Amino acid sequence: MSRDTFLSLRNYFWLWFSLVITLVCFVIYFIDRPIGGRNGGTVVGYSLGVLSTLGILYLMWYGIRKRSYYSKMTTLKSVLSSHVWIGLSLVLIVPLHAGFSFGWNVHTFTYVLMLLTIASGVWGVVLFRTYPFLLSSQRGGSTKPQLITNIYSLNSEIKDFSSSSKSPRSDAFLKMIHSLDLPIDTSFKKVLFHKEISKLDDQIIAGLLEDIPPNEQDDALSCLKILHKKRMAYFNLLRECKVKFILKAWLYLHVPLSFSLCGALAIHICSVFYYW
Amino acid sequence: MSDIIDIAIIGAGPGGIGAATNAAKKGMSHLLFEKREVGNTIYDYQLRKLVMAEPRKLPLRANVVFEEGSREKVLEDFNAAIRDNNVQVSKASVDKIEAGNGFFLLTAGKESFKAKNVVLAIGNMGTPRKLGAPGEDLPHIAYTLADPDAFSGMNIVIIGAGDSAIENALALKDNNTVSIVNRRGEFPRAKDANRRKILEAIKKGEINCFYDSEVKECSSTEIVLKTSEGDLTVPCEHIIVRAGNIPPRAFIESCGVVFPNKDANSYPRVNEKYESNVPGLYIIGSLIGYPLIKQAINQGHEVVEHILGNPIEPADLPLIEEVLSPLKLPVKEAFKIMRDKLELFSDLSTPQFRELLIDSTIKVLGKNDLIFEKDDYGDSFWNVVSGKVGVISPHDPEKLYVLKPGYFFGEMGLISGRKRAATVYALEEGTTVIETKRNQILKLMGSSESVKKAIDTTFFLRILSTSVFPSADPHELTRIINNSEQIQFNKGDVLFNEGEPGDALYILLKGSVKISKKNEHGVDIAQTYLPAGNYVGEMALVSGHVRSATASAAVRCHTLKIPKELFDDLLKSNPETADEVRSLARKRMIENLTASRKESSGEVLNFILQQGVSDANNVLLIDSDLCVGCDNCEKACAATHGGYSRLDRKKGKSFASVQVPISCRHCENPLCMLDCPPDALMRLPSGEVIIKDTCIGCGNCVSNCPYDVIQLVYDDTESSGWSLADIPLIGSFFESSKTKKPKGPARAAKCDMCEGLDGGPACVRSCPTGAAIRTSPSEMMSLLLEKKGEL
């Protein structure tokens, strides 16, 4: 069974493909010695410009391909592979097109936008390669709904400890629950900026059990175990939500940037032809 | 009433209406008994449900209009037929039919009726079990829930703890105060998913549940419950009783009708005039195995003609002609040939035989034409009509078994649901075979003891003679089979335990068995599993030692248990066979020793067995180490399947970061196929189980699937308003507040492996990181072992 990732697909086919194209561009660039120096206006410059534009259009096509669910053309995974490696190659091919001349103008602005888009893409690649593993390893094989159900059932167990017993609980017992039982809050702010929930060490446990009357000690210990479980489950849930959020959030940078890039690119091309 | 009427028809379903309208038209004195509603089964359908008119090819011959349409339209047509033909309807509930001197005496409570002929057309749904407490006949007590939206702000009490009770409670809980009365302390009969949902709703306080409670009495505003803590009065304006149905068999038997066997699925035997063993008592419709509306209407029409003594050709004649056309003979002659040649079916009544023919295809083959190949998927059943057929031995390609006319094959795939066990081809030019659909044969096995016995015996005989006792005398083996007992095991039941003395050999008809051994800590470690068509337990019999491993049912299993005594007898009387059996058993023992597994692989196997994947043909997996949660798999599935995703990525268990999401596994032995009235579920030759367009949306497959992968979908949905979730990109941060209200007829839907879409399943092709894969159980095993670092 092929366990290639989208980066290493078919022995890094798209990496090699992009490397070869980039290399060929470099060779042509250095062989060519146009009058007036290398720039975007020479034959090679124009050609590299056309190539880069086609590259960018190909990258933009990914958004369409992703939603073409009937498409028979390979798998989305291999399209993503080419998307990543071709995208990266543009970092080098575009400066060749410009003859490495930069300035405070719309042309360089377009390049900067492209770099930002690619940088956000690289961030996405890093997230795609690392975060799923992070998710699957921390939740120990349970999915998000299972985590939530788990918290629900722990919650009701804690409730049983505090209320359903035949004799009312001592204040110290209730205080222990109160101090450790965290309210479940999955608000945007909480998810993004939560701190690690401290583990209960022996010292804390001893401190909490101190004031509890002897007849409740056993119950208190069992209750502590459940409280601890719930705290950990809650923390896992927060982490899960945060990771999931970040896994989606990068696209809200990458996609708008790429559309702005297209806008800037259009202006760049129009202005070049206008001043020709 | 002291007059004797010509014909009493019990049940105003399609069959009863067909009979009554014809009787009325012919001027017979008649009475149509219906204690509930006309077309009651259809009446109980949910509102606006589409009723299909299958089989399309079958002409309708009756004074009843019936065509595909909504529940309401069909019921209106039925009522119009009764009205227009002046059918006499009685609301009396007939509870006894006695044959007397030239007439039948029908008792309905205190009333009694006399009739020369009786037509039983009560269907096989049975009668819903009543409340069994004072007040049970009050008008606010219902046995079904057609339209949950019709109730709001009411106190509703639901009696029962099965799936239908739970589904009704869940459907009503949002707009009403719902209580559920459960005789037990839990919900053991319900499907896992329903049990989870109801327990959650009870926990959240959305539904009140009275456990260990029964109804004591009820009035129009209150219900009194007998609970473990004394009587309790609960306000209620509507009661739904979902306490199951009383099957009609006991009633039919009380009329003197004989069933062929004790099997719950068996049908009473009738002759070609639909007359039962009680002269003058006729039975039609789904009671004798004809579940489709059109068939029942036709039979109703025909039965009256038979009673009048009018010769009438059955309505299915054009269909029979079509089936027999490859024989290129006049239809009567061809029919007679089939009747004579197919010895297996010689005991069938003429209507049963016609039904069998309609669901069959006749093929005339050339020499060496392939019929099917080993490892093909197929569950149809074949009979040799003329010529010769060759079966290549699955164990020895040089060995050929020859089947002559009257023999049958394909029973292995039919019974076990697994791939074809051998390659079969025609040996002579002009060899004629007849292929019959799986459901038809299963139906016949349920109604005819002789067919069932012949097929089962051959199944066992072929396993025994090819694998266990290659050179034993077939008569000897048949004797063993006839003296052995068929035993069923539920999932988890133990066939035998490690360390016990060997008392029997088991042959697996259906399901699969897990073999496990205890490690030094006494923990059970799965070693392997054996699918249907295999046998277990011969080693202890041969060696005389105790059982070396435990065998338990991985899924529900059917087995044949051959006791040690019979096994020993055979070995004693055939020394040659004994040597062969011993050497085969020794070979298996050695194989087992060398394949002894590590504990972690036992864990992996355990997970696979728990998930029921061992019974799968192809399973969807999500590698959690790669999944970025983009949901493109679900989106792709929905986009290619009418807006409904047939997989649920977020649900399903995982192990070693491999998740088994809710999606069809295309089981080897699909439980969904068990009970499909229009036979819409089928397996493609490539192994996929699909649902054809003939689905009527009855939901049987939805409740039969143990993996919750089938859902009911609607062609139209009514969506209301616009929500933030509709904005591209940003929308995904908002939950859609849209409520999708189902409209139009329901259909069952599940994964079809994107049949007809080149390039494989859309979910897999649309996964950007390659996390979603469709794979076989053995590849799943290697993936899991790889994840556990074992490979």
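Because the structure is a prediction, the values reported are computed rather than measured.

A.B. asks: Is there a simple way to think about the overall build of chain A in this case?
C.D. replies: For chain A, the count of helices and strands is ten helices and zero strands. In sequence order, chain A lays out its α and β elements as α-α-α-α-α-α-α-α-α-α. The burial tally for chain A puts 42% of its 276 residues in the buried class. Considering only contacts in chain A between residues 6 or more positions apart, those separated by 24 or more positions represent 81%. Carbon and sulfur atoms make up 67% of the accessible area of chain A, which amounts to about 15,800 Å² in all.

A.B. asks: Help me out: how do you make sense of the overall build of chain B in this one?
C.D. replies: Secondary structure summary: chain B contains 22 helices and 43 strands in total. In chain B, which comprises 791 residues, the share counted as buried stands at 54%. Once local pairs closer than 6 in sequence are excluded, the contacts in chain B between residues at least 24 apart make up 68%. Roughly 34,900 Å² of accessible area belongs to chain B as shown, and the carbon and sulfur atoms make up 50% of that amount.

A.B. asks: What should I look at first to understand the interface of chain B and chain A in this one?
C.D. replies: One frequent convention defines the size of an interface as the accessible area lost when the parts assemble. Contact residues are listed per partner, giving 36 residues for chain B and 32 residues for chain A. Carbon and sulfur atoms supply 60% of the area that chain B and chain A bury against each other, a total of about 3,100 Å² over both sides. The tally of links between chain B and chain A comes to zero salt bridges. Across the chain B-chain A interface, the total number found is five residue pairs in polar contact (both at pLDDT 80 or more). Counting only elements with at least two residues in the side of chain B that touches chain A, the list comes to α19 (632–640), α21 (762–765), β43 (772–775) and α22 (777–787) of chain B. In terms of residues, the side of chain B that touches chain A owes the most to one element, α19(B), which gives five residues. Partitioning the side of chain B that touches chain A into residue classes produces 14 nonpolar, twelve polar and ten charged.

A.B. asks: Can you walk me through helix α1 (residues 14–25) of chain B in this structure?
C.D. replies: The periodicity of an α-helix, 3.6 residues per turn, causes residues three or four positions apart to be oriented the same way. Residues and elements named next belong to chain B. Taking 1.5 Å per residue, twelve residues should reach 16 Å; α1 reaches 16 Å between its end C-alpha atoms and fits that length. With respect to burial, α1 is a largely interior element, eleven of its twelve residues being buried. For α1, the set of buried residues is Pro14, Gly15, Gly16, Ile17, Gly18, Ala19, Ala20, Thr21, Asn22, Ala23 and Ala24. Those residues of α1 that are buried lie in contact with β1 (4–10), β2 (30–33), α3 (71–84) and α7 (293–308).

A.B. asks: Hey, could you run me through the packing of helix α2 (residues 43–67) of chain A against helix α10 (residues 251–274) of chain A in this one?
C.D. replies: In helix packing, the relevant descriptors are the interaxial angle and the interaxial distance, both defined with respect to the helix axes. Residue and element names in this part refer to chain A. It is at 11 Å that the axes of α2 and α10 come closest, and there the two elements cross at 155°. The angle between α2 and α10 places the two elements in the roughly antiparallel class. Our pair here, α2 against α10, has a crossing hand that is left-handed. Contacts between α2 and α10 involve Tyr46, Thr53, Ile56 and Met60 from the former and Ser258, Phe259, Leu261, Cys262, Leu265, Ile269 and Val272 from the latter.

A.B. asks: What am I meant to see in a positive patch on the surface here?
C.D. replies: A cluster of basic residues, A:Arg67, A:Lys144, A:Lys248 and B:Lys635, forms a positive patch on the protein surface. Counting through the fold element by element, A:Lys144 comes out in helix α5 (residues 144–164). When its relative accessible area of 32% is taken as the criterion, A:Lys144 is described as partly exposed.

A.B. asks: Even after reading the chapter, I still don't get the packing of aromatic side chains, so can you show me in this structure?
C.D. replies: The geometry of an aromatic ring pair comes down to the distance between the two centres and the angle between the two planes. Under the counting rule described, the total for this entry stands at 23 aromatic pairs over all chains. On the basis of an interplanar angle of 90° and a centroid distance of 5.0 Å, the ring pair of A:Phe13 and A:Trp14 is categorised as edge-to-face. Of the residues examined, A:Phe13 reaches a relative accessible area of 35% and is grouped as partly exposed. Among the residues examined, A:Trp14 registers a relative accessible area of 16% and is labelled buried. When the ring of B:Trp382 is compared with that of B:Phe409, the centres are 5.9 Å apart and the planes differ by 10°; the resulting orientation is stacked. Of the two residues, B:Trp382 is situated in strand β22 (residues 381–386) and B:Phe409 in strand β25 (residues 408–409); the sequence distance between them amounts to 27 residues. Ring pairing ties together the aromatic residues A:Phe26, A:Tyr29, A:Phe30 and A:Phe100, which thus form one cluster. Sitting over the ring of B:Phe353, B:Arg339 keeps its end group 4.6 Å from the ring centre.

A.B. asks: Is there a simple way to think about unusual backbone geometry in this case?
C.D. replies: Most peptide bonds adopt trans geometry, and most residues besides glycine take a negative phi value. Residue and element names in this part refer to chain B. One non-glycine residue, histidine 666, lies in the positive phi region at around 55°. In this fold, histidine 666 is placed in the loop between β38 (658–659) and β39 (681–683). Backbone geometry places cysteine 754, a non-glycine residue, at a positive phi of 50°. Looking at the secondary structure, you find cysteine 754 in the loop between β42 (740–749) and α21.

A.B. asks: What exactly am I supposed to notice about α19(B) here?
C.D. replies: Most of α19(B) sits inside the fold, with seven of its nine residues counted as buried. Those residues of α19(B) not exposed but buried are B:Asn632, B:Cys633, B:Glu634, B:Ala636, B:Cys637, B:Ala638 and B:Thr640. The inward-facing, buried residues of α19(B) abut α2 and α3 (76–98) of chain A together with α21 of chain B. After α19(B) finishes, the residue B:Gly642 shows a positive phi value of roughly 60°.

A.B. asks: In this structure, what is going on with the pattern of salt bridges? I would like to understand it.
C.D. replies: Pairs may arise between side chains of opposite charge once their charged atoms sit close together. Residues and elements named next belong to chain B. Within this structure, the stated rule accounts for 28 salt bridges over all chains. With a shortest N-O distance of 3.3 Å, aspartate 631 and lysine 650 are connected by a salt bridge. Residue aspartate 631 is found in the loop between β36 (619–623) and α19, and its partner lysine 650 is found in the loop between α19 and β37 (654–655); the two are separated by 19 residues along the sequence. Counted as one network, the salt bridges with shared partners bring together Lys173, Asp174 and Glu206.

A.B. asks: Is there a simple way to think about the pairing of β43(B) in this case?
C.D. replies: Residues in a regular strand point their side chains to alternate faces of the sheet. Residue and element names in this part refer to chain B. Of the two faces of β43, both are covered, the one formed by Ala772 and Arg774 as well as the one formed by Ile773 and Thr775. Pairing analysis gives four bridges linking β36 to β43, with the strands arranged antiparallel. Opposite leucine 621, over in β43, you have isoleucine 773 as the bridge partner.

Basis of the calculations
Residues numbered from 1 in each chain as written. Chains lettered and ligands numbered in written order. Predicted model: local features only at pLDDT ≥ 70, side-chain atom pairs only at ≥ 80, totals over all residues. Heavy atoms only, no water. Helix = DSSP H or I, 4+ residues; strand = E, 2+ residues; numbered from the N terminus. Buried < 20%, exposed > 50% of the residue type's maximum accessible area, 1.4 Å probe, protein only. Contact = heavy atoms within 4.5 Å. Areas by Shrake-Rupley, 256 points an atom, 1.4 Å probe, with all protein chains shown as cover. Buried area = accessible area lost by both parts, 1.4 Å probe. Salt bridge = Lys/Arg side-chain N within 4 Å of Asp/Glu carboxyl O. Polar contact = N/O pair within 3.5 Å; in protein donor to acceptor, adjacent residues only side chain to side chain. Nonpolar A, V, L, I, M, F, W, Y, C, P; charged D, E, K, R; others polar. Expected span 1.5 Å × (residues − 1). Axes fitted to C-alpha atoms, helices over the stretch in contact; angles between N-to-C directions. Parallel < 35°, antiparallel > 145°, perpendicular 65-115°, else oblique. Left-handed = near helix turned anticlockwise from the far one by under 90°. Patch = residues over 30% accessible without salt bridge, like charges linked within 9 Å, V, L, I, M, F, W, Y side chains within 5 Å. Lys, Arg positive; Asp, Glu negative; His and termini not counted. Charge placed at Lys NZ, Arg CZ, Asp CG, Glu CD. Phe/Tyr/Trp six-rings, centres within 6.5 Å; stacked < 30°, edge-to-face > 60°. Lys NZ or Arg CZ within 6 Å of the ring centre and 35° of its normal. Pairing = 2+ DSSP bridges.

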